[in-house]
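For reference, the chains in residue letters:
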Amino acid sequence: MELHVRRKWGWADWFVVGLRFMGFLLSVIYIYSYAPDDHRGLVISLALISYSVPQLFYLPEHIRPRWFITTELLLSAGYTLYIISFISDEVNAVSYFYMPVFVVSYLSSKKVIYWVAPLCILVFPFALKIIGDYDFLYVSNQISNLILFCAFGFSFGVFLRQKHKLAESIISIEEKNKELEHYIYQVERITLLEERNRMSRELHDTVGHSLTAVIVAMEAVQTLMDRNPETAKKRLGELIVYSRKTLEQIRQTVHDMAMNELKWPLDELIRKTAEDFSHQTGTAVILEIEEVPYATTEAIKLVYLRCLQESLTNAKKHGHATEIKVSLSILNERIRLTVEDNGKGFKNTKDGYGIQGMKERINALRGTFHIRSEAGMGTIVLIEIPMGG
């Protein structure tokens, strides 16, 4: 709780000020009743001054702890020593000083208490001994009482300051949570947009291309119908076969969009993708998969799946590879996928759309992507992503 700034009073301020007022009122009544008649007017006047002046520095929207502490100690201690000088020894006039010590300790920071405590606990009792000529036992009892009030006040202040800091921390955490929720919402929107773009690309590459090819072929068949019916009939048969294959591709694309295979373990997904590629293209694919648990998310699985598909396609399409080795392992909490082919390789070739897409997917998960290739020496693709993404 920062007390050196303008702020409204809290419940603790009302409580402390109320205690201070009650302590002042009861002590003045008690002392007034024992004071000689010729001192009563001065006693009341000095008591009001010792109470009112420090209170000017402890008001709502106007709290000056150092000024309050200084004036409270000087005036309250001076007033107490004054009444001790003429009042009966049987009257415990020192009790007037207890509440100011409590309030001063409450408002003291850790640095301030280092000089406040000695003044209250040592200097004041020493002055008490000189002025009142009390015995050692009485002074020792007063020191004990002052230590208790000083400790209670300072502990109460520390407790409230820690509580206030905790409340501020909770508010800060709640604000951070709101920011995080907003960030998650933005990520979900971006993810949804990316998924829509992906679906758009998939449909464009399969349905759009295939339907365009079918339309062009049908127009050609239409032209041949009158001039060469036999050729047109043969061409129409080929077009039917092609259309059926296109339908299967569209169905496969829709199935891929569902991404049910992402429910599989990563090693099984890699193995199935590589085996399907080998079966469809007739390319020898050698698998080296480390038999360990690959506990990871579907987002990471999707990245490995797309990168593997892209790497296998590039190895066959551009590298004309006849053999591809696919390795999967875990190293230092990172999943490593290596795709190495015996194709013709390349040198100083700019990244195409597929390679760039692989890099973007991997970077989004804080992974690393390396590709090494030399003309006539094949290509090696190395992918590493933290297991947690």
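Since the model is a prediction, treat every value here as computed from it, not as a measurement. Here the residue index of a chain counts from 1 through its sequence in written order. At least 70 in pLDDT is required for a residue's local features to be given in this predicted model, at least 80 for side-chain atom pairs to be given and counted, and no such filter applies to totals for whole chains, interfaces and linings, which use all residues. With hydrogens and water excluded, all non-hydrogen atoms of the structure serve as input to the side-chain values.

Caption draft 1: View of the overall build of the protein. Per the convention used, a helix needs a DSSP run of H or I reaching at least four residues, while a strand needs a run of E reaching at least two, with both numbered from the N terminus. Counting its regular elements, the protein contains 10 helices and 7 strands. Each of the 389 residues in the protein was classed as buried or not, and the buried ones make up 38%. Counting contacts in the protein only where the partners sit at least 6 residues apart, residues at least 24 apart contribute 70% of the total. Of the accessible surface of the protein, which amounts to about 23500 Å², a share of 61% is contributed by carbon and sulfur atoms. Exposure classes here rest on a 1.4 Å probe applied to the protein chains alone. A residue is buried below 20% of its type maximum, exposed above 50%, and partly exposed in between. For this analysis, residues touch if any pair of their heavy atoms sits within 4.5 Å. Residue exposure ignores everything except the shown protein chains as possible cover, and the areas themselves are Shrake-Rupley values with a 1.4 Å probe.

Caption draft 2: Geometry of helix 8 (residues 266-281). A helix is expected to span 1.5 Å for every residue after the first. For helix 8, spanning 16 residues, the distance from its first C-alpha to its last is 23 Å, which sits close to the expected 22 Å at 1.5 Å a residue. Looking at the buried residues of helix 8, the elements they touch are strand 3 (284-289), helix 9 (298-317), strand 4 (323-331) and strand 5 (334-341). Of the residues one or two after helix 8, Gly 282 is the one with positive phi, at around 75°.

Caption draft 3: Representation of the confidence of the model for the protein. A score from 0 to 100, pLDDT tells how confident the predictor is in each residue. Per-residue confidence for the protein gives a mean pLDDT of 78, with 83% of residues at or over 70. The least confident element of the protein, judged by mean pLDDT, is helix 5 (residues 110-132) at 74; the most confident is strand 5 at 92. Taken together, the stretch residues 1-5 has pLDDT below 50 and engages in 12 contacts with residues farther than four places along the chain or on a different chain.

Caption draft 4: Molecular detail of the sheet that holds strand 6 (residues 368-373). With mixed pairing, the 5 strands of this open sheet are ordered in space as 3-4-5-7-6. Strand pairing shows two members of the sheet lacking a second neighbour, strand 3 and strand 6, which therefore form its edges. With direction set aside, neighbouring strand axes in the sheet form an average angle of 10°. For two strands to be treated as a pair, DSSP must find at least two bridges joining them. Where strand 3 and strand 4 come together, 6 bridges link them in parallel fashion. Within strand 4, the position partnered with Glu 288 by the bridge is Ser 327. Here an axis means a line fitted to C-alpha atoms, over the contact stretch when the element is a helix, while the angle between two N-to-C directions is reported on a 0 to 180 degree scale. This element, helix 8, spans strand 3, strand 4 and strand 5 of the sheet and lies at about 170° to strand 3.

Caption draft 5: Local environment of the pattern of salt bridges. Every case where a carboxyl oxygen of Asp or Glu lies within 4 Å of a side-chain nitrogen of Lys or Arg is listed as a salt bridge. As enumerated under the stated definition, the model contains 5 salt bridges in all. The salt bridge involving Arg 20 is made with Glu 72; its shortest N-O contact spans 2.9 Å. Of this pair, Arg 20 sits in helix 1 (residues 11-34) while Glu 72 sits in helix 3 (residues 65-84), and the two are 52 residues apart along the sequence. Glu 72 shares its class with Arg 20; the two are buried. The residue Asp 276 makes a salt bridge to Lys 272 at a minimum N-O spacing of 2.8 Å. With Asp 276 and Lys 272 both in helix 8 and 4 residues apart, the pair spans about one turn of that helix.

Caption draft 6: Representation of the packing of helix 2 (residues 40-55) against helix 3. The geometry of helix 2 relative to helix 3 is characterised by a closest axis approach of 8 Å and an angle of 165° between their N-to-C directions. Here helix 3 runs roughly antiparallel to helix 2, going by the angle between their axes. Here the hand of the crossing between helix 2 and helix 3 comes out left-handed. Between helix 2 and helix 3, the residues in contact are Leu 42, Val 43, Leu 46, Ala 47, Ile 49, Ser 50, Val 53, Pro 54 and Gln 55 and Phe 68, Thr 71, Glu 72, Leu 75, Ser 76, Tyr 79, Tyr 82 and Ile 83, respectively. Note that Gly is not counted as nonpolar here; it falls among the polar residues with everything else outside the nonpolar set of Ala, Val, Leu, Ile, Met, Phe, Trp, Tyr, Cys and Pro and the charged set of Asp, Glu, Lys and Arg. Partitioning the contact of helix 2 with helix 3 into residue classes produces 12 nonpolar, 4 polar and 1 charged. In this scheme, roughly parallel covers angles under 35 degrees and roughly antiparallel covers those over 145, while 65 to 115 is roughly perpendicular and the rest are oblique. A clockwise turn of the near helix away from the far one marks a right-handed crossing, whereas an anticlockwise turn of less than a right angle marks a left-handed crossing.

Caption draft 7: Highlighting the packing of helix 8 against helix 9. Two numbers describe how helix 8 lies on helix 9: the axes approach to 10 Å, and their chain directions differ by 25°. Classified by the angle between their axes, helix 8 and helix 9 sit roughly parallel to one another. For the crossing formed where helix 8 meets helix 9, the hand is right-handed. Residues Leu 266, Leu 269, Ile 270, Thr 273, Ala 274, Phe 277 and Thr 281 of helix 8 pack against Lys 301, Tyr 304, Leu 305, Leu 308, Gln 309, Leu 312, Thr 313 and Lys 316 of helix 9. Partitioned by chemical class, the residues of the contact of helix 8 with helix 9 number 9 nonpolar, 4 polar and 2 charged.

Caption draft 8: Summary view of a nonpolar patch on the surface. On the surface, a cluster of nonpolar side chains totalling about 460 Å² of accessible area is made up of Phe 21, Met 22, Leu 25, Leu 26 and Ile 29. Within the secondary structure, Ile 29 sits in helix 1. By relative accessible area, Ile 29 is classed as exposed at 52%. Patch membership is restricted to residues that have no salt bridge and whose relative accessible area is over 30%. Joining uses 9 Å for like charges and 5 Å for the nonpolar side chains Val, Leu, Ile, Met, Phe, Trp and Tyr.

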